[in-house]
Each structure stands twice: as structure tokens, then as C-alpha cells.
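This is what each chain is made of:
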Amino acid sequence: MAAAAGPFRQFPTGGEYSEAMQNTHLCFRHPELKGAVPELTKIHTPKAISGAFASVFSLTSAASGRRYAVKCFTRHIPDQEMRYEAISKQLVTLDSTALSQPWKMGFEYLPDAILVGAERYPVLKMEWVEAVTLSAWLDTHHHDSAAVARLADRFSELAADLVAHDIAHGDLQHGNLLVADDGTLRLVDYDGMYVPALSGREGTERGHRNYQSPARGDEDFDSHMDRFSAWVIFLALKAVAADARLWAQLHERHGEYLLLAEDDFKNPSASSRFPALLAHRDQTVRDLADQVRSLSWQPLDALPPLPSAPVSAPTLPLASAAPHSADNGSTLPSWMSGHLPPVSSAPPAEDPDAPPTSFTGRRALDVLAAVLLPITVFVPAILCAAGVLASLLLPLPLTATAFLTWAAHRTRSETRLLRKHVRALTKRRWQATHPDKATNELHRQRMEFDSAETKRKAELTRAQQELLDRHQREVAAADSGKIKKWAAIDRKVSSLDGELRAAMDQALATERATFVQEELRKARIATARLQGIGEKLKGSLAMYGISAAADFTGIRLISTNSGGYASTTALIVKTGGREVNIKGIGAAKARTLDAWRQAQISAAQSRCTIRLSSARRQSITSDFERRRAQHSDERRKAEADAATQRAQAQQRLQDGRVRLSAQDAAALRLAQQQRQAFAQRALQIQESQADLDSVNASLAEARRIRRALSHARYLRFALTGH
Amino acid sequence: MAYTAEISRTNPTCIVFLVDQSTSMTDPIGGEVPQKKADVVADAINRLLTELSVKCAKEEGVRDYFHVAVVGYGATVGSAFAGALTGRDLVPLSEVADNPARVDDRTKKVPDGAGGLVEMSVKFPLWMDPVAHGGTPMNRALKYAETLVAGWTERYPASFPPIVINLTDGESTDGDPVEAANSITAHATADGTALLFNLHVSASGGSPVSFPDSDADLPDSHASTLFQMSSPLPSHMRSYAASQGQKVSETTRGFVYNADITSVVQFLDIGTRATELR
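Being a predicted model, the structure only gives us computed values, none of them experimental.

Rules used in this analysis
- One numbering rule holds for all chains: residues counted from 1, following each sequence as written.
- To read the labels, note that chains go from A and ligands from 1, taken in the order they are written.
- A pLDDT threshold of at least 70 governs which residues receive local features in this predicted model, and a stricter bar of 80 or more applies before side-chain atom pairs are shown or counted, although totals over entire chains, interfaces and linings include all residues.
- Excluding hydrogens and water, the side-chain values take into account all heavy atoms of the structure.
- Helical segments are the DSSP runs of H or I of at least four residues, strand segments are the runs of E of at least two, and each set is numbered from the N terminus.
- To get the radius of gyration, use the C-alpha atoms; to get the globule rule, take the number of residues to the power 0.38 and multiply by 2.2 Å.
- Burial classes: relative accessible area under 20% of the type maximum marks a residue as buried, over 50% as exposed, and values in between as partly exposed (1.4 Å probe, protein chains only).
- In what follows, residue pairs with any heavy atoms lying within 4.5 Å of each other are defined as contacts.
- Reported accessibility uses the Shrake-Rupley method at a 1.4 Å probe radius. Residues are deemed covered only where the shown protein chains occlude them.
- Neither His nor the chain ends is counted toward charge; the positive residues are Lys and Arg and the negative residues Asp and Glu.
- Just so you know, the charge point we use is NZ for Lys, CZ for Arg, CG for Asp and CD for Glu.
- Summed over both partners, the accessible area lost on bringing two parts together, with a 1.4 Å probe, is the buried area.
- A side-chain nitrogen of Lys or Arg and a carboxyl oxygen of Asp or Glu constitute a salt bridge if their distance falls within 4 Å.
- Any N or O atom pair separated by 3.5 Å or less is treated as a polar contact, with the protein-specific requirement of one donor-capable and one acceptor-capable atom, and with residues adjacent in sequence counted only for side-chain atom pairs.
- Within the patch definition used here, like charges are joined within 9 Å and nonpolar side chains (Val, Leu, Ile, Met, Phe, Trp, Tyr) within 5 Å, considering only residues with over 30% relative accessible area and no salt bridge.
- For two strands to be treated as a pair, DSSP must find no fewer than two bridges joining them.
- Orientation is described by axes fitted as lines to C-alpha atoms, over the contacting stretch for helices, and by angles from 0 to 180 degrees between their N-to-C directions.
- UniProt positions are given in the numbering used here, feature names are shortened, and annotations may be inferred rather than shown by experiment.
- Here the bounds of each domain stem from an automatic or database domain assignment.
- Under the convention adopted here, Pro, Cys and the residues Ala, Val, Leu, Ile, Met, Phe, Trp and Tyr are nonpolar, Asp, Glu, Lys and Arg are charged, and Gly plus all remaining residues are polar.
- Stacked, tilted and edge-to-face pairs are distinguished by plane angle, under 30 degrees for stacked and over 60 for edge-to-face with tilted covering the rest, among Phe, Tyr and Trp rings (Trp via its six-membered ring) whose centres lie within 6.5 Å.
- For a Lys NZ or an Arg CZ to count as sitting over a ring, it must be within 6 Å of the ring centre and within 35 degrees of the ring normal.
- Roughly parallel covers angles under 35 degrees, roughly antiparallel covers those over 145, roughly perpendicular covers 65 to 115, and oblique covers all other angles.
- Two helices crossing with the near one rotated counterclockwise from the far one by less than a right angle form a left-handed crossing, whereas a clockwise rotation gives a right-handed crossing.
- Each nonpolar core is a collection of buried residues, namely Ala, Val, Leu, Ile, Met, Phe, Trp, Tyr and Cys, held together in the definition by side-chain atoms within 4.5 Å.

Caption draft 1: Layout of the overall build of chain B. On a plain count of helices and strands, chain B comes out with seven helices and 14 strands. Expected size for 278 residues packed as a compact globule is a radius of gyration near 19 Å; at 18 Å, chain B falls within 12% of this value. C-alpha atoms of chain B, sized along the principal axes, occupy 55 × 45 × 40 Å. For chain B, the residues scored as buried account for 58% of the 278 residues in total. Taking all contacts inside chain B whose residues are at least 6 apart in sequence as the whole, residues at least 24 apart take part in 76%. About 10,200 Å² of surface is accessible on chain B, with carbon and sulfur atoms providing 49% of the total. Of the charged side chains in chain B, 21 are positive and 34 negative; the average position of the first set lies 5 Å away from that of the second.

Written out as C-alpha cells, the structure is:
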């Protein structure tokens, strides 16, 4: 069964186990569990008690009536069966009578015990323990100092049992330590237990964060791994036994820790809880607290076991021998607790703002003060005593020196730091004592910020819209520009056809006129038969340069009236426009001549071509084709220009959007940081009330330092350098 | 480092589910057996509420590690809780656990151990019913979630940041949801900014795009929008997703596109995975 038990087998969820437990006669095979009755919730489903890696169900056997805790695993644990076997074998060897108390609980690992879906999974069947968790017990018993003190001893005995057998539980904490009615402890949950047979393997868990050393890692899996948590629990029990009020003061109701938690170990100097223990009037509490603080960053195998004998102050095994590098407390005085930010997981570091507790390193000003001081005190006194100086003038140099030393003292970095530190603490005390005002102020700032954010978002939307509008305008402008250009080009193209025809006609007309003119030149008057115009007259015409039809363009008849006689003079119009009157050519002969010329023209015209030569046509057409091509180039160019403008507009839109969203992203990041800062402050206000005590303690400490940095101390330092 | 806050009763966190209840949620979802999307989503959330209750159960009962709201958006925007919790928004988990609207008896076929199958009746608590009616007013839903998140961060400034999980099958019908989404993730506690995860439920089948780290392989601008709205997975959720066989990188986002039935359940499991419950 369950062949898929490879290294990364998926396990059912708590809910799936709970569903399977609704039918225990189907899901179990083990005779004690088959048909067992589960404890139910208010809605009548099996009740679980869940941890990080498993859910536990309470089942009462139908067969024997015995009650069991059945642990179902929700996560794969490497070598689980082998580990439980090793743990079981080891625990069986422990003689119950030799143990300090009956803390050992019996369990049975049952492989393939429960059917969920189509597969079987292992369970751990355990005795049901009638006992309450350590934290629940402390809730009801913290006032009973004697009982708490007894429990502290019980606990150190239990820890000693483990040490004696080289066993470590791995997750000592308030939920795994149960207190029975008789005041003895039960240790439950052995999932992460180390026994010598498991040496060399890795741990399966790191334990409850509020009980573990910050130095604990996965590789810490040996008999030392309980040491830190043992000290933490022991400190809590001893402290509550010594002062029951500490439970109310340091333990938050429902808090998953006793008196100290993870943050306290990670950063003791910033802890709000440590000071109350470190400054406690009870020596044992103080020493134990100092011990836990000094153990925080040490390797686990360097930690001492709990003292077996009842603790007597002040000799603790390792507290004084702890190396200072790991001991934060030695470099950071307790008054600093109110100074560092409360929530910080950074490894402890020296507070840069913390004032030193004494003066170190004299400056030129300090030396000057030191030189002037004796001079101004003793010299005038001597002079005065000698009567050289009027005693009235004595205070003058003294006052000047007093002023100088006052200024020198005030400008020392030590005193400046102290002032800053006290101011910060006073502010925190104000916050702690005026939580309403601080909260209101924070609320006001939050509201302001929120409304600024709303405004910014509205502005962003507006800018986005504006960007889009501009883009649309630009695209529209590009398109309308193109359309205008196209219309002009189209007009030119459509007139081209008419122009082509006109050019053809023109060319034809010219060709014909040239032909006619040529024919007229060939029509010689000398060879023409002209009525009434003989050789003689032809000779006269020739003399006037008129020998062919081309030589004149027409005639003009002028009627004159002289002395009552009407007469007509005939003028021949020569090519070129000159008019000649040729003797012997009267109106009749002139008309004959003109009619002959007209006849020549008609004859030539009838012979002349009516079509243009194809070469000529070609030349004219190609000229027009060239112009046509030019127009379509212009058309294409207009299209390309518009496309470029559109692309540029698109690019501007894109750039604008990128710019806006980068601005928005930056603003959002700022908003996130700001809101995180608000949350931090709200937290500080909450916590400052809790750590009012420690702030007050820090202020008291600061006052002590102020004495150490007093004017008198400064004068001593200026004079002696110490 | 952000997203490491311990989740405890004194420092709980909140989970807001936004459930698309538009008409199209009656369409079948991709998967082996066709089921209505609305049914699958309601079933997954009911199952998850049971799962959370079991996970947070201790000796004395269910601990309030979480406060949970289930907001439906369709014809209206508001609480989707039925029964005693009707109309409530953020409800402490212990109250959720004790007050399902009803407990159905469902029958299931399970192996009888002898090679056959046997019918088994199991109790199935229900807090919400499937609804599918109206448009997809995602903007209004996100704004509703923002008011819950804003109130939470002010009330629990140290808590693990609120988680908002949006389950939808379509495009927002009341405008671009990106800005409303950004407003949610601009809220923060000392432990980090609020988280918004998005799940797109498939109508067509096809293979889901799960926990991507870029929108390069997404089919359309609608998917890209949902991707951009989604927060990167915090590291503990990343490692959990990886342990569940998901491919993840440093910049993996809490987003699944075209989810089938299995991925809906897995997405909710990963998206509500707590750091450490104490």
C-alpha cells in the first residue's frame, strides 16, 4: 500500500483527515481505532488540534473504551518511521521509576493506518493526556508562588532527565509541556526529538520561534538543541515565582510565549520586556535574565545546561564567562532599551545615537579651558591677596572662564548625544502617557496623506486623459493635412487630361500651319495663271518682292473721293505687314491675286495631315506621364508624412504613458513606504504604553549618565584627561 | 524583511475573497467533469473555510489567526456569507467555523479496502451559495476590498499584511480595474504591503498559466491587466508553491489564468498559506 512513499509524497490536509474521521469504521483498520468515536466540534465534524505539520484527533475506542490522541501528518517528514522507531526504542529503555516524574508518554507509530481518498497514510497513536498546557496553567496559577516555584524545580529536573540520557526534545515550549493535576509535567510531541541513534541526521523542525536561540539552524540536531529554550522557560518560571505581577506585565493574553519572545532574543537591546527582568529587585531574576540575554547569539553547543541544584545568586555557570563579543548587554546599557526601534530583526548593533557614559579625548578647546581654569582662579587670587588687584575685579576673569568652560562642556559630543537621547526618550514618554493625542495626531496625518493620495490619483487620471486627448488631436491633424494635400493633387491630376488634349491640338495646329506656309512658298506667281495679270505685272510684283503666295498675306482696298470722282486704290499686304501699291494692279486684279492665294491655301489645307506624327505624340504624352508620376509621388509623400506624424504622436502618447506610469509607480512606492511608516508608528504608540516602565528606567539611567557627564566631571576631565 | 510577521491571536491577519457572480459564471469550467464555474468557486471557498478552521483549531477551539470576508460582485457588491453571517464583512475565524449557513450531507464513493467501492456520507459545511447574475463590477469590488484593507492596516499595524483574493471569469464591466487594484496594494502594515492575487477561471479549458513571472505568454491584454494587478508571491508562498510542483521564480506573481478545477483549489491553498501560525 502507499507505494508513492517517495521522498516528496503529498500528504492530506487537516480538513481531509477530518472528513475521513467522519467514518472511522471505513478509514481505520487497527482494531482499537476502527469505529472509534471522534470528539466533535459545534457543527458535528471531527475536532482537530492542529500544529504546523500535523492535526491531532481525540478518538475513543469502540473496542476498549480507551481514549487516544491520533496524530495525522500533513507534511512529509524524511525517514519518519525510522525516527519514531529510534525514539520509541530509546524511550522504552528509560526506567520510569528512575525519572524525576512521569513525563514520558507512550506512542505507537502505525504505518498505512488511515485511508484518505484512495491512499493510506501513517498515524501516531498516543495515550490521551489529562493535563493543561504550561501557559494555561500559569494563567490560573501564577499567583501561587509556591506552586510556580515547585514547577520550576520540576522543570529543571525534567531537563536534567533529558540531559542525563543524551536526549533533546527539539521544541520545548508552553504547548508541549503539560501540567498534570499533581503538579508534575508531561512532555508531548516527540516529532522533532533527538536520541543518540539519530546522530548525524538533520532536524525536521526548528522549534517554536519564541523559545529558540537566534543562532539555531537546521544543522542543530543534537543533545544540545534544548539548552536555550530550557533557560527561557526556567527564567520565566523562576521570575513568576519571585514576582507574580510579571505574568500580567510581560505576558500578553493569548500571547504565544511566556515572558520573552523571539524579538527579545534577536535584539535584546531593543527589547521592551528584558529591562523589567534585568532591573528586577530580585537578584535571581536579574541574574537569570542576564544569563538568557548573554546566551542569545551563542552557538547552541556552547550553552550550559540548567543548574541541577536550586539556583542561588549570584554564581551562575557561564553568565560572567560569556564572551563579550556575543554579549550584547556588555556594550549596550539597559537604558537603551527605550531607544532603539521596537520591531527590528537586525542583529544587535551598537546604537549610533547612544551617548557614551564618560568623556574621552580632549579637544583644543578643552585644553584651553584646562589651562585658563587654574590661571583665572589662582593668579587673580594671589594678585588679590598681594593687594595688586582690587578684589572688586576678581569675578571678571572667573566669569569669562566659567563661560568658556560652560561652552566647551556644552559642545562636547558626549553631552550633545545625551541631550538628543533624552529628547527622544521624553518624546516616547509623552507618546506613552498621551496615547490619545499621539493616536489622533497619527490619524490626522493618515487622513491628510489619504486625501493627498486621492488628489494625486485624480490628477493622474486627468493627465492620462489630457495625454489621450492631445494624441487624438494630433492624429486628427495629421489625417486632415493629408486629405487637404491629396485633394490639391487630385485636382492637378484631373486637369492633366484636358491639358494633354490642348497640347496635342496645339501641336497639330502648328504642324498644319507650317505645311500650309511651305505650300504657299511653293506656289509661284510666275507660273500661275491669273486673269489680267501678265508677265509685265508679274515682273512688277516680283520687283516688290512678291513672287509666291507666301510673300503676301492679303489685300486692302482704299476708296478715295477726289473732285467728285470716286476711285479705289488697291494695296497688297506683304508678309511682315508692309503695304505696297503696285502700278497696274487695281482693285479687280488685286482681288484676283487674293482669290488665287486663298485657293492655294485651301488646296494646301486639303492636302495637309489631320493627325499628329506618332513621334510628336510620343514626346507630348511622355511629358505628361512624367507629370502624372510626379503627382502620384506627391500623393505618396503626403501619405508617408501623415504616417510619420501619426507614429510620432503614438510615440509621444507612449512616452507620456510610460512617464506617467513611472511617476505613478514611484508615488505608489512612496505611499507604501509612508503607510508602512504609519503602521510602525501606530505600533510604537501601542508598544510605548507597554514599555512605559522601560522608558522611565531609561530616563533614570540617562539622569545617572547626566551626572557622569556633569559640569564638575567635565572640569575634572578637562584638567586630568580622565 | 517583509512578510515574515508571526500570525497569532494577538496579531492576526485578514483574508478577503472577491467572488465574481456575473451571469457568465453559469458557464462550464474546464476540467474532467463539466461543472458550472459558480459552483466550483463556491465549493472551493467553502472547502477552504473548513480547511482554515481545521488548521487554526487548538485544544480550546478555533483560534482567530484570521479574519475572513467573502465579497460577491455581480448584480450587487457585498458580503456573500449566507445564514447567521449574512451581511457581515470581516468575521473572526472562530465565528466563521461555528456558523456555517448549513451542513450538507454529501455521499462519496471510497475504496472499501477489499478492492471495491463503498458509499460514504460526509458532512460538508457551507458558508456561501453559488450566485450568477448581472455584470462584473470588479472596480467596485476592489474598492470595497480596499476599505476593508485600509481599516485592517490601521487596526493591526504589526500584522502580516492583508491578503485579497479575486476570483473572476471575465473583464471588468465598470472600467479599468488596475488603479483600484493599485490602491489596495498601496496599503501596508509594518510587515509589508497588502497582497492582491487574481484567479481567472476558464470557460474554454486549455492549459492554465499558473504563477507566471511575466505577461509574455499571456494570450491577451485582459490577461496582462490581471497579471499586472497581481502581487508577487512572498517567499514562503513561493517555496510552498514550488513544493506543490509549480514553477516559480523570484518575481512570480499570485496569478493564474484559465484555471481549471484543480488549479482553483491549489491557488486558494497557496494564496492563503500562512507564514507560521502560533
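Caption draft 2: Representation of the interface of chain A and chain B in the model. In this complex, chain A contributes 52 residues to the contact, which on the side of chain B involves 50 residues. Buried surface at the junction of chain A and chain B, both sides included, amounts to about 4,000 Å², of which 51% is carbon and sulfur. When residues of chain A are sorted by the area they lose upon contact with chain B, A:Glu19, A:Ile43 and A:Arg209 head the list and together hold 16% of the total. Across the chain A-chain B interface, the total number found is seven salt bridges. The shortest N-O distance in the salt bridge between A:Glu19 and B:Arg47 comes to 3.9 Å. Between chain A and chain B we count 24 residue pairs in polar contact (both at pLDDT 80 or more) in total.

Caption draft 3: View of a nonpolar patch on the surface. Residues A:Val367, A:Val371, A:Ile375, A:Val379 and A:Leu383 make up a contiguous nonpolar surface patch of about 360 Å² in total accessible area. Position of A:Val379 among the secondary structure elements: in helix α12 (residues 364–385).

Caption draft 4: Quick peek at the sheet that holds strand β11 (residues 565–574) of chain A. Residue and element names in this part refer to chain A. Here three strands make up an open sheet; going across it, the order is β10-β11-β12 and the pairing antiparallel. The sheet is open, and its two borders are formed by β10 (552–562) and β12 (579–580), each paired with just one other strand. Here β10 runs beside β11; their pairing, made up of 10 bridges, is antiparallel. For Leu557, the partnering residue across the bridge sits in β11 and is Ala570. Relative to β10, helix α17 (residues 587–607) is tilted by about 160°, and along the sheet it contacts β10 and β11.

Caption draft 5: Quick peek at the UniProt feature "domain: Protein kinase" (unreviewed entry) in chain A. Mapped onto this numbering, the UniProt entry annotates "domain: Protein kinase" (unreviewed entry) at residues 42–298 of chain A. Between the C-alpha atoms that bound residues 42–298 of chain A the distance is 47 Å, and the span itself is 34% helix and 17% strand.

Caption draft 6: Examining the domain arrangement of chain A more closely. Residue and element names in this part refer to chain A. In terms of domains, chain A is made up of domain 1 (14–127), domain 2 (132–338) and domain 3 (355–425). One C-alpha centre belongs to domain 1, the other to domain 2; they are set 29 Å apart. Together, the buried faces of domain 1 and domain 2 total about 2,100 Å²; carbon and sulfur atoms form 62% of this surface. If you sort the residues of domain 1 by the area they bury against domain 2, Arg83, Gln101 and Trp103 come out on top, with a joint share of 31%. Linking domain 1 to domain 2 there are three salt bridges. Between Lys71 and Asp189 there is a salt bridge whose closest N-O contact spans 3.0 Å. Applying the counting rule to domain 1 against domain 2 returns 12 residue pairs in polar contact (both at pLDDT 80 or more). Only β4 (67–73) and α3 (80–93) provide two or more residues apiece to the side of domain 1 that touches domain 2. For the side of domain 1 that touches domain 2, the leading source of residues is α3, giving seven residues. Of the residues belonging to the side of domain 1 that touches domain 2, the class tally is 15 nonpolar, three polar and five charged.

Caption draft 7: Examining the UniProt feature "transmembrane region" (unreviewed entry) in chain A more closely. Within this numbering scheme, the UniProt entry marks residues 364–383 of chain A as carrying the feature "transmembrane region" (unreviewed entry). When the span residues 364–383 of chain A is considered, its composition is 100% helix and 0% strand, and the gap between its end C-alpha atoms is 28 Å.

Caption draft 8: Highlighting the packing of aromatic side chains. Under the defined criterion, the tally for this structure stands at 16 aromatic pairs over all chains. With a centroid separation of 6.4 Å and 65° between ring planes, the pair formed by B:Phe227 and B:Phe255 is classed as edge-to-face. Here the residue B:Phe227 occupies a position in helix α5 (residues 221–229), and B:Phe255 occupies one in strand β14 (residues 255–259), the gap between them amounting to 28 residues. Each of the two residues, B:Phe227 as well as B:Phe255, counts as buried. Grouping aromatic residues by their ring pairs yields a cluster made of A:Phe73, A:Tyr84, A:Phe107, A:Tyr109 and A:Tyr190. Sitting above the plane of the A:Tyr257 ring, A:Arg273 keeps its charged end 4.9 Å from the centroid. The positively charged end of A:Arg627 is found above the aromatic ring belonging to A:Phe624, 5.0 Å away from the centroid.

Caption draft 9: Inspection of the packing of helix α6 (residues 227–242) of chain A against helix α10 (residues 283–295) of chain A at higher detail. Residues and elements named next belong to chain A. Look at α6 against α10: their axes get within 10 Å of each other, and the N-to-C directions meet at 160°. Between α6 and α10, the angle is such that the two are roughly antiparallel. Crossing of α6 over α10 shows left-handed handedness. On α10, the residues that touch Phe228, Trp231, Val232, Phe234, Leu235, Lys238, Ala239 and Ala242 of α6 are Val285, Leu288, Ala289, Gln291, Val292 and Leu295.

Caption draft 10: The sheet that holds strand β7 (residues 132–133) of chain A, seen in detail. Residues and elements named next belong to chain A. Here we have three strands laid out as an open sheet, ordered β7-β8-β9, and antiparallel in their pairing. Only two strands of the sheet have a single neighbouring strand rather than two, namely β7 and β9 (185–187). Pairing of strand β8 (residues 177–179) with β9, which is carried by three bridges, proceeds in the antiparallel orientation. Pairing of Leu177 across the sheet is with Leu187, part of β9.

Caption draft 11: Seen up close, the pattern of salt bridges. Residues and elements named next belong to chain A. On inspection of all chains with the given rule, the structure shows 58 salt bridges over all chains. The closest approach of N and O atoms between Asp191 and Lys71, which form a salt bridge, is 2.8 Å. Residue Asp191 is found in the loop between β9 and α6, and its partner Lys71 is found in strand β4; the two are separated by 120 residues along the sequence. Accessibility expressed as a relative area gives 9% for Asp191, which makes it buried.

Caption draft 12: Region of interest: the nonpolar core. Residue and element names in this part refer to chain A. If you look at the biggest cluster of nonpolar residues, it comprises 98 residues, and the most contacted ones within it are Ile114, Phe155 and Leu277. The leading source of residues in this core is α6, at 12 residues. Residue assignment places this core across two domains, with domain 1 (14–127) and domain 2 (132–338) each supplying three or more. What Leu277 contacts, discounting residues up to four positions off in sequence, is Leu235, Ala239, Leu246, Leu250, Leu259, Leu260, Val285, Arg286 and Ala289.

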